[in-house]
Amino acid sequence: MFDFIDIDWGNLLVEAGIIAAQVIGILIAFVIVRAIGKKLINRSFDRLTKKGDVTNGRALTLRALSENVFSYALIFILVATLFNIFGLSVASLIAGAGIVGLAIGFGAQGLVSDVVTGFFLLLEKQIDVNDYVTVGAIDGVVESVGLRTTQIRSFDGTLNFIPNRDITTVSNHSRGNMRALVDIGVSYDENIDEAMAVLKTVCEKVGKDNSAIVEGPDVIGVQAFGASDVTLRIIAKAKSGEQWGVERELRKSIKEALDAHDIEIPFPHQVTIHKGLGNPVQS
Amino acid sequence: MFDFIDIDWGNLLVEAGIIAAQVIGILIAFVIVRAIGKKLINRSFDRLTKKGDVTNGRALTLRALSENVFSYALIFILVATLFNIFGLSVASLIAGAGIVGLAIGFGAQGLVSDVVTGFFLLLEKQIDVNDYVTVGAIDGVVESVGLRTTQIRSFDGTLNFIPNRDITTVSNHSRGNMRALVDIGVSYDENIDEAMAVLKTVCEKVGKDNSAIVEGPDVIGVQAFGASDVTLRIIAKAKSGEQWGVERELRKSIKEALDAHDIEIPFPHQVTIHKGLGNPVQS
Amino acid sequence: MFDFIDIDWGNLLVEAGIIAAQVIGILIAFVIVRAIGKKLINRSFDRLTKKGDVTNGRALTLRALSENVFSYALIFILVATLFNIFGLSVASLIAGAGIVGLAIGFGAQGLVSDVVTGFFLLLEKQIDVNDYVTVGAIDGVVESVGLRTTQIRSFDGTLNFIPNRDITTVSNHSRGNMRALVDIGVSYDENIDEAMAVLKTVCEKVGKDNSAIVEGPDVIGVQAFGASDVTLRIIAKAKSGEQWGVERELRKSIKEALDAHDIEIPFPHQVTIHKGLGNPVQS
Amino acid sequence: MFDFIDIDWGNLLVEAGIIAAQVIGILIAFVIVRAIGKKLINRSFDRLTKKGDVTNGRALTLRALSENVFSYALIFILVATLFNIFGLSVASLIAGAGIVGLAIGFGAQGLVSDVVTGFFLLLEKQIDVNDYVTVGAIDGVVESVGLRTTQIRSFDGTLNFIPNRDITTVSNHSRGNMRALVDIGVSYDENIDEAMAVLKTVCEKVGKDNSAIVEGPDVIGVQAFGASDVTLRIIAKAKSGEQWGVERELRKSIKEALDAHDIEIPFPHQVTIHKGLGNPVQS
Amino acid sequence: MFDFIDIDWGNLLVEAGIIAAQVIGILIAFVIVRAIGKKLINRSFDRLTKKGDVTNGRALTLRALSENVFSYALIFILVATLFNIFGLSVASLIAGAGIVGLAIGFGAQGLVSDVVTGFFLLLEKQIDVNDYVTVGAIDGVVESVGLRTTQIRSFDGTLNFIPNRDITTVSNHSRGNMRALVDIGVSYDENIDEAMAVLKTVCEKVGKDNSAIVEGPDVIGVQAFGASDVTLRIIAKAKSGEQWGVERELRKSIKEALDAHDIEIPFPHQVTIHKGLGNPVQS
Amino acid sequence: MFDFIDIDWGNLLVEAGIIAAQVIGILIAFVIVRAIGKKLINRSFDRLTKKGDVTNGRALTLRALSENVFSYALIFILVATLFNIFGLSVASLIAGAGIVGLAIGFGAQGLVSDVVTGFFLLLEKQIDVNDYVTVGAIDGVVESVGLRTTQIRSFDGTLNFIPNRDITTVSNHSRGNMRALVDIGVSYDENIDEAMAVLKTVCEKVGKDNSAIVEGPDVIGVQAFGASDVTLRIIAKAKSGEQWGVERELRKSIKEALDAHDIEIPFPHQVTIHKGLGNPVQS
Amino acid sequence: MFDFIDIDWGNLLVEAGIIAAQVIGILIAFVIVRAIGKKLINRSFDRLTKKGDVTNGRALTLRALSENVFSYALIFILVATLFNIFGLSVASLIAGAGIVGLAIGFGAQGLVSDVVTGFFLLLEKQIDVNDYVTVGAIDGVVESVGLRTTQIRSFDGTLNFIPNRDITTVSNHSRGNMRALVDIGVSYDENIDEAMAVLKTVCEKVGKDNSAIVEGPDVIGVQAFGASDVTLRIIAKAKSGEQWGVERELRKSIKEALDAHDIEIPFPHQVTIHKGLGNPVQS
């Protein structure tokens, strides 16, 4: 009896030694991998900054974030590995992964998705604070871009919190000049050439006076035959954010010019054919 | 015969010893991990509170919640581990995870998702009780933010229970001043400048008298050429929740001013061309 | 030859002993876990009842349900474990889980999802029998809340069976007073102040006479400039379920008062400009 | 050489014995589990029938179905287990589950989902043959409820085959009396009280004469201010399936009564303001 | 040295023997399972044919399909098993299943789904060639029902290829008589009883003359109060596919009868109230 | 000491031998399976071509594709297997499958799905180059059918690239004659029989003159009672692609015939009832 | 005691040797596989460039990308393999894969999906910079095609960032000539042939003068019978991007020609039947 138990105890000691060696080895590996990883992150961000692609402040934010994510992931793997070495074999961990992990994972998944999208929003400079953007059904001015949520202030004053994962196609209205567009309906009786000449004069004057206009308003021609009017279109390029003001000024000037030249913006027209007035045949 | 069975019994004893050692080791690890985890949670919330990012009450709620979630997860892992040590190897647990676990997990998944979202709703202060918010198709005043459901009272009196997982983009109408907007249609025959002057006088008066207005109502210009009228737009900033009242007052004052100055808000216009009255050619 | 086979038989016997021991150990563990689990369930429901959060009847229903679910889950795990001990290792069970289990699981999954949602519907008192609720596209009066399906009787008499899993956002119209809202269009020619005075008188009278009204009907002002009328809005708070009756009474009284004061509810207006009557130029 | 091979053959023999024992054990377990399972199914259905919850025919259908499903699942597990014992370890079965099984499983999954839903449709008596129901976009009279598909005959004669899995919310119009609803528009010039009195007389008469009406038609009041008329609403409860007939009879009687009392159902009204008739200023 | 290597070689030989035995055993099992499976398939189809549920041709198609699917699945499992025995343990197969298999599986999955649905379309006789059916957004006449796609010819001549997996709810318009429905608007001035009498006479005549009508056209009453007319509804049952012809004939006959009896189908009506004709006050 | 290490080295040698044997065995199996697979593919395509189901060119494309896919899949499995034999057991491969593989797999999945669908598009001849088809929201003429994308040229000149996986229901307008349909509204005052006779004469003439018409245009009867006209429908069968031309010619001829016979295509009608002309009571 | 421990240490040494050998073997395999992979990538791109399918610049971009992706994947597999060899068996890696990996994987998945789609966008030349394209709800001019996002500038000046994964069907309007289409409504009183002759003259002139027109504008015939006009359609092929200018010029020229020939573009027509003018019977 004694002899056999002795052997087992020895075996146990050896096993303990192996475990200790493994633990030490893992810790060393952990330290090395962490150091290498951090260096890699630092170097790639240094390169980014040197290239001038990213501003200094933005690079610092992104670098800190990258290091954090890397560290947490590494620590998690370390814990899982140590957990495993102390005889807690596959089953319990799978169970942990299978139920708790999976359940929490589903919640965390969204979180990770938020952070990854947020990372690229920052890195690719898709949106900056104070940009006027449209994201899904929300449009307004960006108030802050966080790692989990982006805050957009609608023009009616509402503050919208959008989880980054829900930000797919971003329409940024603050990246370049915006178009100002005014459609004018003139009567079918009007001479088109004359009407366009009047509009051109207005365009030239507004284009000269308004400093927000980048590319002079042009009368591009007959856009459509409406039910009661011929639609003429005027297009201009304005500084981003000034396009509505330009459109409003254009509309006011055009109204005044048309009034001055007696050109009518027609009301809806209808031809009425009368029956049964004098002789109520059918009714 | 006797000899061999003897060895096996010894082996069994040794195995029992190993198991006992494992159990003890796991319990110790459990206690240590739990202590460390709780400390980490406490410290991070302390930091949060010190920074002043979160109010005391909110921090307490979140800390209690975090500790609970952490404890339950740990207990689950402990049970799974012990389960495993007592010879109930992979299979039964996988089966448990595979069928029961998976089935329950699907239910619980939603639950976890609710709790995670609820956690961030509180942490990021996206909604507070008494905020007027829009969440999906529901809008109203928040009555309570729970970990599983948020209750929103619609303006018609309905109480809406929304599972937190269904709360993605939150539009909070109580974070800053709101816009009041009134569109006025004036006749094409009217002099636009004169009409705008009248409206400006009204705006100044209302802006002075109404304390709910933060940024004086402004007549921003010709917003559109309507079918029968020229649309002028008036915009103001009002205290959150007062915007509708401001709009109603603006409308009443404008109506009175336009009546006083004999400026018409035109009905829909139509030009009728008559055929066949005297000479019913076609009919 | 004989010698070696002898050893194997002994080994088999020992194995049988181990198995027997395992079975007994598992059964004991099963009994203990079940007892503890039941106690936990009972205690937590006792606490719930004491706090007065839940009515006695409801607590009994929920406790019975919780115990059942717990028992079935435990029995399933027990069977799976025993299955495993008798040499039916991972493979067959995974296969069972992988194909049959997965297939049935998908069906059962919905079932579990139903039960979990039903549990929370009851626990959080989101809907009670006889509440008037809106759930998705269905609205009506709740007839019964089951663990799998909830039955809602529409106002047209239809009985709707809704699987609980399809119940997400619940809009409960029976939790507090409901709003009664009446919009009245008065002519642009009318004096707004006078019209509002008449409406206020009606509101006061109806508010006094109708006991279903909780918060007196108020004329809140000019809600909109319509195409042919100025819209005035009246709002009241009525007891839940009485709001439609209140609205109908308000409408009838308002109609009578406006008739008495000769204030017109205008028909759609249109301005017609005639062409070609005497001189059919264009036609 | 001979000696060692001898031992292996012995080992093989022993292994064969173990396998044989396992097979027998499994078969015995299979028989026992099957017997117990069948008994459980029978007993639960007996209880159901005794309680009177389910008709005899329905119970028989469900019992047969339950036994079949149970048997097939058991046989599958048996085969998988035997497969495993004969040295075909995890891999091949996982491969079978992983590719073929998964592929077929996806098809079968829908099937299982159909059967599970069909089971509950029958068990919970959500739809019976000849009920008039709405399921998703389909509405009509149920012709048969199968385990895979339900057949609904639309009123236009179309026969719809709906896979049971697509049946979620069931709106059953044959479970209780249905509402008959008629909206009548009367002129703004009419005296509301007088018109309601006329309608009440009609309602009383129709309510007395028509045996399909369960709850007498009531004039509930002024439902809305229309553009050209005041809408009065009449509501009645009719036997399920008779509501349309009741509505048609009500409409006919009301038309006759209004004609008799000279109360007009008004055409759309419009106020026309004329410009430019005598003096075509603008045109 | 020699001695030990000798043992290993022996061991190898023994292993080879075991493997050979396994291969043979598996092949035998394969042959047996295949024979049994084929017999089961044949017998169940024999039973189906005897019951007369399925035509002979259809049964042959289905039987051939079932055997093919069964054979391929079996061969796949056989290959996987043999693969495994020759020392290619779990990993490589899982990898194969995990990446290639999964990727291909996703493609094949749709295929299997197509075949399973096609199988049931045929088995349950949901659609036959030349049936007029509606499937999702497509409606037309079935040209062929294949195992992967169903071809439907729209009435405009388009040939639609629909993958069977996209066929869920099938609306078959060729399973029984179809309803013909004609709504007639008569003037509010008309006597309803008289108009219905005229329509009844038409219905009787058409019902007698038209052999496609199964259930005589009936005037079921006042369906609605329109804006300008009282809507009377006529319903008939026609042979499937003849309903449109019946409706067209009914419409023609009704038009002639109404003309003969001087009953007007009214144009839209409008009441115009004139302002500002003699005294252009407002304009 | 020496002795034991010696044994291990021997063991290692043996293991190396086993591995070598395995590698050779696998390579042989690989070659055999590849040969068999290629033969199977060739033979099945030979059969397809012989049956005349597929053109030669198409069969060659499909055969090459099938062989490629088969080869790549086989090579992948081979690599995975060899990887495994060299001591890189489950874990690393699962990790590779779990993370990289899964990630890439998701991208590749779409690719496989594209190729599988493209394969069937070609095999089942659902679309050919120059067919006019509708796929989802896109319709136009097919320019090319590739394995990953199909290119469709819209009638406005746009070239659409559609991933094959997004091609589900294909509506092919070039498989048989197409319907030409013209609806004509004639006045309620018109004699229907006379109008239909005129239309029939036109139809006969157009049907004779226009070679694109396959089945003579027929006046099928009174399709609807419109608000202001009785709608008569004319239907013809035209060669695919010529239906619009036929419709245009029919419309022109009908217009001329109706003009010749003085049959009016009526404008919208309205009955106006005048109030307040002579006695402006209400206004 | 000593003896046994000795053996274990020896065993450990041997194990270390095996591990070292494995590591070296793996590194060698890694180097070889990498070299082969790079060569394969290079050769296939060489072939692509030689065929002239891809421009040189594009091929370089794609080659660099392919090599990067290949290298990173290989490094990952290497790390995972080494990780595994140092005794970190299945569990920890599965845990890493199961939780962290899965979570990160979900984020990375989108990334991979972006890159794969971007790769094919470039390879298949679906979009080029400066193409005018429609992708989902966005249309505009492509500013850049990246591996993660594509930037499209809308005509109103907005810059849209679209993740490549959201780019499925691409409608490219810059691949060939575009259609210019003008619909002209002429009066029912007009002679169709004469009107078409006038339009043809205009078309010929515009077609000759405008160099942007590729295929002369044609009057294709009577497109529709409108409510008040007969619609004639004119179609032309213009250089991509010039179609709107061509349409505008066509419209202007047509308007002038119709004015010159006194052909009216009719306003909406309505036939009014008067009642109650002289004898206000009903009103």
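Residues numbered from 1 in each chain as written. Chains lettered and ligands numbered in written order. Predicted model: local features only at pLDDT ≥ 70, side-chain atom pairs only at ≥ 80, totals over all residues. Heavy atoms only, no water.

Whenever I open this one, the sheet that holds strand β8 (residues 230-238) of chain C confuses me. Can you help?
Residue and element names in this part refer to chain C. Pairing is antiparallel in the open sheet, where three strands are placed in the order β6-β8-β7. Two strands in the sheet have a free side with no partner beyond their single neighbour: β6 (178-186) and β7 (213-225). Averaged over all adjacent pairs, the angle separating strand axes in this sheet is 20 degrees, with direction ignored. Summarising the sheet, β6 and β8 pair through nine bridges and their orientation is antiparallel. Following the sheet pairing, L181 is matched in β8 by I235. Strand contacts of helix α4 (residues 192-209): β6, β7 and β8, with the helix running at about 160 degrees to β7, the strand carrying the most contacts. The strands touched by helix α5 (residues 243-260) within the sheet are β6, β7 and β8, with β6 carrying the most contacts at an inclination of about 25 degrees. (Pairing = 2+ DSSP bridges. Helix = DSSP H or I, 4+ residues; strand = E, 2+ residues; numbered from the N terminus. Axes fitted to C-alpha atoms, helices over the stretch in contact; angles between N-to-C directions. Contact = heavy atoms within 4.5 Å.)

Explanation requested: the UniProt feature "domain: Mechanosensitive ion channel MscS" (unreviewed entry) in chain A in the structure shown.
If you check UniProt for "domain: Mechanosensitive ion channel MscS" (unreviewed entry), the listed places come out as residues 111-175 of chain A in our numbering. In the segment residues 111-175 of chain A, helix accounts for 20% and strand for 40%; the C-alpha atoms at its two ends are 29 Å apart. (UniProt positions renumbered as here; feature names shortened; annotations may be inferred.)

Looking at this model, I keep getting lost on the packing of aromatic side chains. Mind explaining?
Aromatic ring pairs are described here by two measures, namely the spacing of the ring centres and the angle between the planes. Here the structure, examined in full by the defined rule, presents 35 aromatic pairs over all chains. An angle of 55 degrees between the planes, with centres 5.1 Å apart, marks the rings of Y132 of chain D and F155 of chain D as tilted. With a gap of 23 residues between them, Y132 of chain D in strand β1 (residues 132-135) and F155 of chain D in the loop between β3 (149-153) and β4 (159-163) connect regions that are remote in the sequence. Within the aromatic cluster, the residues linked to one another by ring pairs are Y132, F155 and W244 of chain A. Taking the ring centre of F120 of chain C as reference, the NZ or CZ of R148 of chain B above it sits at 4.2 Å. (Phe/Tyr/Trp six-rings, centres within 6.5 Å; stacked < 30°, edge-to-face > 60°. Lys NZ or Arg CZ within 6 Å of the ring centre and 35° of its normal.)

Got a minute to help me understand the environment of T158 of chain B in this structure?
For T158 of chain B, the location among the structural elements is in the loop between β3 (149-154) and β4 (159-163). Taking the C-alpha atoms as reference points, T158 of chain B and N172 of chain B, 14 residues apart in sequence, are found 19 Å from one another. When near neighbours in sequence (up to four residues on either side) are disregarded, T158 of chain B contacts I152 and R153 of chain B together with S171, N172, H173 and M178 of chain C. A polar side-chain atom of T158 of chain B sits 3.0 Å from a polar atom in the side chain of D156 of chain B. (Polar contact = N/O pair within 3.5 Å; in protein donor to acceptor, adjacent residues only side chain to side chain.)

How should the sheet that holds strand β9 (residues 269-275) of chain A be read in this particular structure?
Strand-to-strand pairing in sheets goes through backbone hydrogen bonds, with the strands running parallel or antiparallel. Read around the closed barrel, seven strands run β9(A)-β9(B)-β9(C)-β9(D)-β9(E)-β9(F)-β9(G), paired in parallel fashion. The average angle at which neighbouring strand axes cross in this sheet is 40 degrees, direction not considered. Relative to strand β9 (residues 269-275) of chain G, strand β9 (residues 269-275) of chain F runs parallel, the two sharing five bridges. Within β9 of chain G, the residue paired with I273 of chain F across the bridge is K275 of chain G.

When you look at a nonpolar patch on the surface in this model, what are you seeing that I'm missing?
On the surface, a nonpolar cluster with roughly 480 Å² of combined accessible area is contributed by I24, I28, I32, I36 and L40 of chain A. Along the chain, I28 of chain A turns up in helix α1 (residues 2-51). (Patch = residues over 30% accessible without salt bridge, like charges linked within 9 Å, V, L, I, M, F, W, Y side chains within 5 Å. Areas by Shrake-Rupley, 256 points an atom, 1.4 Å probe, with all protein chains shown as cover. Salt bridge = Lys/Arg side-chain N within 4 Å of Asp/Glu carboxyl O.)

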